[in-house]
Amino acid sequence: MAAFAAVLEEGSFEAAAQRLSVTASAISQRIKSLEDRLGQVLVVRQTPCRPTAAGERLLLRVRPMKILEAEALAEFVPAEDMALRSIAIAVNDDSLQTWFLGGLAELHRRHGYVFDVRVDDQDHTLELLRNGTVLGAVTSQARAIQGCNVQSLGAMRYHAIASPEFVNRHFSGKLDAETLAAAPLVVFNRKDDLQWQFIRRITRARLSPPVHYLPTSTGFVEAAALGLGWCMAPDSLIGPAVKAGRVVMLEPARRLDVPLYWQYVAVRSDTLKHVSDIVRKAAAASLHL
């Protein structure tokens, strides 16, 4: 099972072999033995390797076991050997760029944990928890999935921003379906729905404005300041640019609050308790209640 988890975490038999200090052939034999024993194919042999449906179910069980194993061996494993303590977490990019990193730093400083952070939209991080890829996820979903606990973190507040020149050129004091249909907007990726939510608050019309896809949270503010388009950005990121007059809020009163939650596997683990406590603490210092 260690070989199985390593293949999926590292993405290949060769990388898993290097991590476990064995040959790729030995990894292949162990995976084949496990599949023969269970009577099901567990790993799709491609680049990167990914789990089958059966592999996802097994991975969901194996990851918590690895945490408990690390805790059991902590007294005997040298402090500098942190490989067993790697913790896979899913988080949305806006959280990672604002409040989340401080929590990871505190956990590493206190406990020596290392992290395998997976980034996805807050509406989709839960899938990584559901299929066993991660042990915990920052998500917009309040309902706990089977076998997991959920805790409220607060809400991330977003404002629509653009450069003053962009506002004068595209809106001229009028924010409606006509102007929003023509004004370019900046979107993180095709999973990002925030800009469309804002548009729906202004108008119920079906709009198809020009779209820039720009997968960087911090780059959003710079893109808006440079006049590339308007976008939704967290209030914790836009402060300096607003103060400097590089961007303005399109509608200060029409903000979007996105509630965030911490979901994690429901096992009695000191590691997960430490992580959950610090995640809540970091969120409380930045998010809105």
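For every chain, the first residue of the written sequence is number 1, and numbering continues from 1 along that sequence. Predicted model: local features are reported for residues with pLDDT of at least 70 only, side-chain atom pairs are reported and counted for 80 or more only, and whole-chain, interface and lining totals are derived from all residues. Hydrogens and waters are ignored; side-chain quantities use all the structure's heavy atoms.

## Structural notes on the overall build of the protein
The way it works is that DSSP assigns letters per residue, a run of H or I at least four long becomes a helix, a run of E at least two long becomes a strand, and they are numbered from the N terminus. Secondary structure summary: the protein contains twelve helices and eleven strands in total. Its C-alpha atoms put the protein at 70 × 40 × 30 Å along the principal axes. Per-residue burial for the protein yields a buried fraction of 47% across its 289 residues. A separation of at least 24 residues holds for 73% of the contacts in the protein among residues at least 6 apart in sequence. Residue exposure ignores everything except the shown protein chains as possible cover, and the areas themselves are Shrake-Rupley values with a 1.4 Å probe. If you sum the accessible surface of the protein, you get close to 14,600 Å²; carbon and sulfur atoms cover 51% of it. Counting rule applied: Lys, Arg positive; Asp, Glu negative; His and chain ends not counted. Every charge is mapped onto a representative atom, which is NZ of Lys, CZ of Arg, CG of Asp or CD of Glu. In the protein, 33 side chains carry a positive charge and 30 a negative one; their mean positions are 4 Å apart. Partly exposed describes any residue whose relative accessible area lies between the buried limit of under 20% and the exposed limit of over 50%, with all areas from a 1.4 Å probe on protein chains only and scaled to the type maximum. The criterion used for residue contact is that any of the two residues' heavy atoms lie within 4.5 Å.

## Section: the side chain of Gln195
Here Gln195 shows up in helix α9 (residues 194-202). We define a polar contact as two N or O atoms separated by no more than 3.5 Å, with the added condition that, inside protein, one atom must be a possible hydrogen donor and the other a possible acceptor, whereas residues neighbouring each other in sequence contribute only through side-chain atom pairs. A polar contact is formed between the side chain of Gln195 and the side chain of Asp192, at a distance of 3.0 Å. At 2.8 Å, the side chain of Gln195 and the backbone nitrogen of Met232 are in polar contact.

## What to know about the nonpolar core
Counting residues in each nonpolar core, the largest one holds 55 residues, and the members touching the most others are Trp99, Phe100, Leu153, Phe171 and Trp230. Contact partners of Trp99, with chain neighbours within four places excluded, come to Val138, Leu153, Met156, Leu260, Val279, Ala282, Ala283, Ser286 and Leu287. Think of a nonpolar core as a cluster: buried Ala, Val, Leu, Ile, Met, Phe, Trp, Tyr and Cys residues, connected wherever their side-chain atoms sit within 4.5 Å. By size, the runner-up hydrophobic cluster in this structure holds 19 residues, among which are Ala3, Ala16, Ile31 and Leu42.

## A closer look at the side chain of Glu35
You can see Glu35 is positioned in helix α3 (residues 24-38). Beyond its immediate chain neighbours, meaning those up to four positions away, Glu35 contacts Gln40, Val41, Leu42, Val43 and Arg45.

## Examining the environment of Leu42
Structurally, Leu42 is set in the loop between α3 and β1 (43-44). Ignoring any residue separated from it by four or fewer positions in sequence, one finds Leu42 in contact with Phe4, Leu34, Glu35, Arg50, Pro51, Thr52, Ala54, Gly55 and Leu58.

## Comments concerning unusual backbone geometry
Backbone torsion omega between Thr47 and Pro48 reads -5°, so that peptide bond is classified as cis. Within the fold, Pro48 resides in the loop between β1 and β2 (50-51). We note that Ser21 has phi near 60°; this positive angle belongs to a residue other than glycine. With a relative accessible area of 68%, Ser21 lands in the exposed category.

## Considerations on the UniProt feature "domain: HTH lysR-type" (unreviewed entry) in the protein
If you check UniProt for "domain: HTH lysR-type" (unreviewed entry), the listed places come out as residues 1-52 in our numbering. A distance of 15 Å separates the end C-alpha atoms of residues 1-52, which is 62% helix and 8% strand. UniProt positions are given in the numbering used here, feature names are shortened, and annotations may be inferred rather than shown by experiment.

## As for the environment of Leu104
Mapped onto the fold, Leu104 is located in helix α5 (residues 93-111). Residue Leu104 is classed as buried on the basis of its relative accessible area, which comes to 10%. Leu104 sits 174 residues away from Ile278 along the chain, and the two C-alpha atoms are 8.1 Å apart. Each residue touching Leu104, except ones within four places of it in the same chain, is listed here: Ile89, Phe115 and Val117.

## Considering the pattern of salt bridges
One side-chain nitrogen of Lys or Arg within 4 Å of one carboxyl oxygen of Asp or Glu is enough to make a salt bridge. Tallied over the full model, the rule gives 18 salt bridges. Among the ionic pairs, Glu222 bridges to Arg246, the shortest N-O distance being 3.1 Å. Within this pair, whereas Glu222 is found in helix α10 (residues 217-225), its partner Arg246 is found in the loop between α11 (235-243) and β10 (248-249), the two being separated by 24 residues in sequence. Among the residues examined, Glu222 registers a relative accessible area of 34% and is labelled partly exposed. Judged by its relative accessible area of 36%, Arg246 is partly exposed.

## Details of the pairing of strand β4 (residues 114-119)
A strand pair is defined by DSSP finding two or more bridges across the two strands. When strand β3 (residues 86-91) meets β4, the two strands line up parallel, connected through six bridges. Within β4, the position partnered with Val91 by the bridge is Val119.

## Focus on the packing of helix α1 (residues 2-10) against helix α2 (residues 13-20)
Think of two packed helices as two axes; the pair is described by the angle between the axes and how far apart they sit. To obtain an axis, a line is fitted to C-alpha atoms, over the contacting stretch when the element is a helix, and the angle between two such axes runs from 0 to 180 degrees between their N-to-C directions. Where α1 meets α2, the axes come as close as 8 Å, and the angle between the chain directions of the two elements is 120°. As summarised for this structure, α1 and α2 are arranged oblique, according to the angle between their axes. As α1 packs across α2, the resulting crossing turns out to be right-handed. Along its contact with α1, which presents Ala2, Ala3, Ala6, Val7, Glu9 and Glu10, the element α2 presents Phe13, Ala15, Ala16, Arg19 and Leu20. When an angle is under 35 degrees it counts as roughly parallel; over 145 it counts as roughly antiparallel; between 65 and 115 it counts as roughly perpendicular; any other value is oblique. Two helices that cross are described as forming a left-handed crossing if the nearer one is turned anticlockwise from the farther one by less than a right angle, and a right-handed crossing if clockwise.

## As for the packing of aromatic side chains
The criterion for an aromatic pair is that two Phe, Tyr or Trp rings (for Trp, the six-membered ring) have centres within 6.5 Å, with stacked assigned to planes under 30 degrees apart, edge-to-face to planes over 60 apart and tilted to the rest. All told, the structure shown has five aromatic pairs when counted by the stated rule. On the basis of an interplanar angle of 80° and a centroid distance of 5.3 Å, the ring pair of Trp99 and Phe100 is categorised as edge-to-face. Each member of the pair Trp99 and Phe100 is classed as buried. Centroid distance Phe166 to Phe171: 6.1 Å. Interplanar angle 65°. Geometry classified as edge-to-face.

## Topic: α9
The complete set of buried residues in α9 reads Leu194, Gln195, Phe198, Ile199 and Ile202. On an axial view of α9, the arc spanned by its buried residues comes to 145°, and they lie on one face. Each element contacted by the buried residues of α9 is listed here: β6 (148-162), α8 (177-182), β7 (185-187), α10, β9 (231-234) and β11 (256-265). Note that the arc is defined by the directions from the helix axis to the C-beta atoms.

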